[in-house]
Structures are given as C-alpha cells and as structure tokens.
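# Examination of the molecular architecture
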Amino acid sequence: MRASHPPEATRKPSPLSQRSDSELAVLVADNGSGALDELYWRYASQLLRLASNLLRSPDDAEDVVQDVFVGLPLAIGHYVERGAFAGWLKRLTTRTALMHLRRRESRKTDSLDADASTHHLVQPDSVLERIDLESAIASLPEPLRVVFVLSRVEQLSHNEIAGVLGIRRGTSEVRLHRAIRRLRHLLEEKP
C-alpha cells in the first residue's frame with residue numbers, strides 16, 4: 001500500500017464507495033473485503049499532507065500513513081462515534097507521526113536535508129516568502145512546530161490539540177503563541 005495514488009478519475013468504481021465512513025469502519029473491524037482500500041482512497045492524501053507537515057520528510061510521511069493504514073484494523077476497535085471519522089484518523093496520524101519523530105530523534109538520525117519544498121502550509125505572495133516561511137516553521141522546536149501545524153494548518157481547536165498531544169489546553173495555547181512570536185521574529189529579521 002502506497003501513500004500516494006493516482007487521480008480519482010483513474011480509479012475503478014467501488015461497490016463500497018457509497019458507504020459511510022462509519023459503515024466502512026465496521027467492515028474494517030470485521031475484516032471486510034475492500035473497506036480498508038476504500039478508506040485509503042478517501043483519506044490517504046489528507047493524511048500524507050498532515051504527516052509531511054509534521055515530519056518535514058516525504059519518505060517518513062509515507063511510512064507514517066502506511067503504518068496508520070496497516071494498523072487500522074486493530075486501531076479501529078478504539079474508534080467511538082463521537083465526531084467525524086476523518087478527525088479521528090487525523091488524530092491517529094498525528095500520534096503515529098509524533099511517535100515516529102521521537103524514535104527518529106532518539107536515534108539522532110534526523111536529516112538536515114529535509115525537502116522544504118513539500119510543505120505547502122500557506123500561499124504567501126511570492127516563492128521567496130513561502131520558502132522563508134517554510135524555513136522558519138521548520139526551525140521551530142518540535143513542541144511549538146507541532147502545535148502550530150495542528151492549529152494553523154490542520155485547523156484543530158486547542159481542545160483537540162490537547163487531546164491529541166496529551167497536554168492541557170492552556171499549554172497548547174501558550175505553545176501556539178510562542179510559535180507565532182518566534183515566526184514573526186524570524187521573518188522580520190529577513191532583509
């Protein structure tokens with residue numbers, strides 16, 4: 001299973017494509033044929049973007065998305081319909097990405113060659129402004145960068161961020177404030 005797929009137009013119609021996420025979740029839990037593939041087609045692109053923004057590495061992001069979908073039949077037993085399935089998948093992907101990041105940093109193999117061009121966080125006026133912004137975001141310490149990406153890119157609330165990261169809401173708010181302050185400082189220093 002790869003984290004990228006051809007455009008939707010080239011996909012063969014699936015008998016499961018009309019099913020709701022909840023119905024597919026039940027089928028995945030029961031090892032329903034094709035349900036996991038259908039969820040993959042629906043969400044892999046979004047999850048890959050999220051993981052790329054968190055990890056700053058396309059290869060690591062693909063690994064994380066693959067891990068999410070490989071583990072989904074087991075993890076889906078913990079899904080409780082208290083919100084959108086897509087939100088639950090994003091939280092699962094965020095947790096998986098953070099575990100991956102911690103493993104990578106504990107082995108001290110963090111690559112300085114991460115391809116910043118894969119991070120399409122915002123659309124500044126010029127390419128140079130975008131590169132400066134992406135570079136500034138990449139330079140943030142992990143706790144600040146993660147909260148910034150989850151809040152400003154993925155549009156999660158502070159309550160959702162707190163739940164995903166296992167921190168208090170106030171901690172999320174403080175980290176976002178510090179991230180924005182650092183980004184402003186870094187970007188104002190540019191000539």
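Heads up: these notes are all about the structure in this document. Fair warning: this is a prediction, and the values are worked out from it, not measured in the lab. (Residues numbered from 1 in each chain as written. Predicted model: local features only at pLDDT ≥ 70, side-chain atom pairs only at ≥ 80, totals over all residues. Heavy atoms only, no water.)

### With respect to the overall build of the protein
In plain terms, the rule: In this text, helices come from DSSP runs of H or I with a minimum length of four residues, and strands from runs of E with a minimum of two, each type numbered from the N-terminal end. Partly exposed describes any residue whose relative accessible area lies between the buried limit of under 20% and the exposed limit of over 50%, with all areas from a 1.4 Å probe on protein chains only and scaled to the type maximum. The criterion used for residue contact is that any of the two residues' heavy atoms lie within 4.5 Å.
Assigned secondary structure in the protein consists of eight helices and zero strands. Each helix and strand of the protein, placed in order from N terminus to C terminus, yields the pattern α-α-α-α-α-α-α-α. Within the span of the protein, comprising 191 residues, buried residues form 42% of the whole. Taking the contacts inside the protein whose residues are at least 6 apart along the sequence as the reference set, 65% of them involve residues at least 24 apart.

### What about the nonpolar core?
Our working definition: Among the buried residues, those of types Ala, Val, Leu, Ile, Met, Phe, Trp, Tyr and Cys that are joined through side-chain atoms within 4.5 Å form a nonpolar core.
Among the nonpolar cores identified, the biggest contains 54 residues, and F69, L72, F85, W88, L89 and L165 are the most heavily contacted of them. Elements that contribute at least two residues to this core include exactly helix 1 (21-29), helix 2 (35-55), helix 3 (58-75), helix 4 (85-106), helix 5 (127-139), helix 6 (142-153), helix 7 (158-165) and helix 8 (169-189). The element that contributes the greatest number of residues to this core is helix 2, accounting for twelve residues. Contacts of W88, omitting those with residues within four sequence positions, involve L72, A75, I76, H78 and Y79.

### Details of the packing of aromatic side chains
We apply this condition: Within 6.5 Å between ring centres, the rings of Phe, Tyr and Trp (the latter by its six-membered ring) count as paired, and their orientation is classed by plane angle as stacked under 30 degrees, edge-to-face over 60, tilted in between.
Evaluated as defined, the whole model comprises three aromatic pairs. Ring plane angle 75° and centroid distance 5.1 Å describe the contact between Y40 and F69, whose orientation is recorded as edge-to-face. Of this pair, Y40 sits in helix 2 while F69 sits in helix 3, and the two are 29 residues apart along the sequence. Overall, Y40 belongs to the buried group, its relative accessible area being 7%.

### Overview of the side chain of R145
Relative to the elements of secondary structure, R145 occurs in helix 6. With residues up to four places along the chain from it excluded, the contact list for R145 reads N53, L54, L55, R56, L101, I137, A138 and L140.

### Things to note about the packing of helix 7 against helix 8
The condition that has to hold: Each axis is a line fitted through C-alpha atoms, taken for helices only over the stretch in contact, and angles between the N-to-C directions span 0 to 180 degrees. Roughly parallel refers to an angle under 35 degrees, roughly antiparallel to one over 145, roughly perpendicular to one between 65 and 115, and oblique to any angle outside these ranges. Side-chain classes are defined by residue name, with Ala, Val, Leu, Ile, Met, Phe, Trp, Tyr, Cys and Pro counting as nonpolar, Asp, Glu, Lys and Arg as charged, and the others, Gly among them, as polar.
In the contact formed by helix 7 and helix 8, the axes pass within 8 Å of each other and the chain directions differ by 105°. Of the possible angle classes, the one that applies to helix 7 and helix 8 is roughly perpendicular. Contacts between helix 7 and helix 8 involve H158, N159, I161 and A162 from the former and R169, S172, E173 and L176 from the latter. Its residues assigned to classes, the contact of helix 7 with helix 8 shows three nonpolar, three polar and two charged.

### Notes on unusual backbone geometry
The backbone of R56 shows a phi angle near 60°, a positive value even though the residue is not glycine. Among the secondary structure elements, R56 is positioned in the loop between helix 2 and helix 3.

### Some points on the pattern of salt bridges
The line we're drawing: Here a salt bridge means any side-chain nitrogen of Lys or Arg lying within 4 Å of a carboxyl oxygen belonging to Asp or Glu.
One pass over the full model with this rule turns up five salt bridges. Of the charged contacts, one joins R42 and D21 as a salt bridge, the two residues approaching to 2.7 Å between their closest N and O atoms. Here D21 lies in helix 1 and R42 lies in helix 2, a separation of 21 residues in the sequence. What makes D21 buried here is its relative accessible area of 17%. Through salt bridges with shared partners, a single network forms among D21, E38 and R42.

### A few points about helix 8
Each full turn of the α-helix corresponds to 3.6 residues, which orients residues three or four apart in the same direction. Put simply, the rule is: A helix is expected to span 1.5 Å multiplied by its residue count minus one. Each direction from the helix axis to a C-beta atom contributes to the arc, which is the arc of those directions.
End to end, helix 8 covers 31 Å across 21 residues, agreeing with the expected 30 Å (1.5 Å per residue, within 8%). Taken as a whole, helix 8 has its buried residues at S172, L176, A179, I180 and L183. Relative to the axis of helix 8, the buried residues are bounded by an arc of 95° and lie together on one face. Of the exposed residues in helix 8, those oriented more than 90 degrees away from the buried face are H177, E188 and E189.

### Considering helix 7
Inspection of helix 7 places H158, I161, A162, V164 and L165 among the buried residues, and these make up the whole buried set. Down the axis of helix 7, the sector holding all buried residues measures 165°, keeping them to one side. With its phi angle positive at about 70°, G166 sits one or two positions after the end of helix 7.

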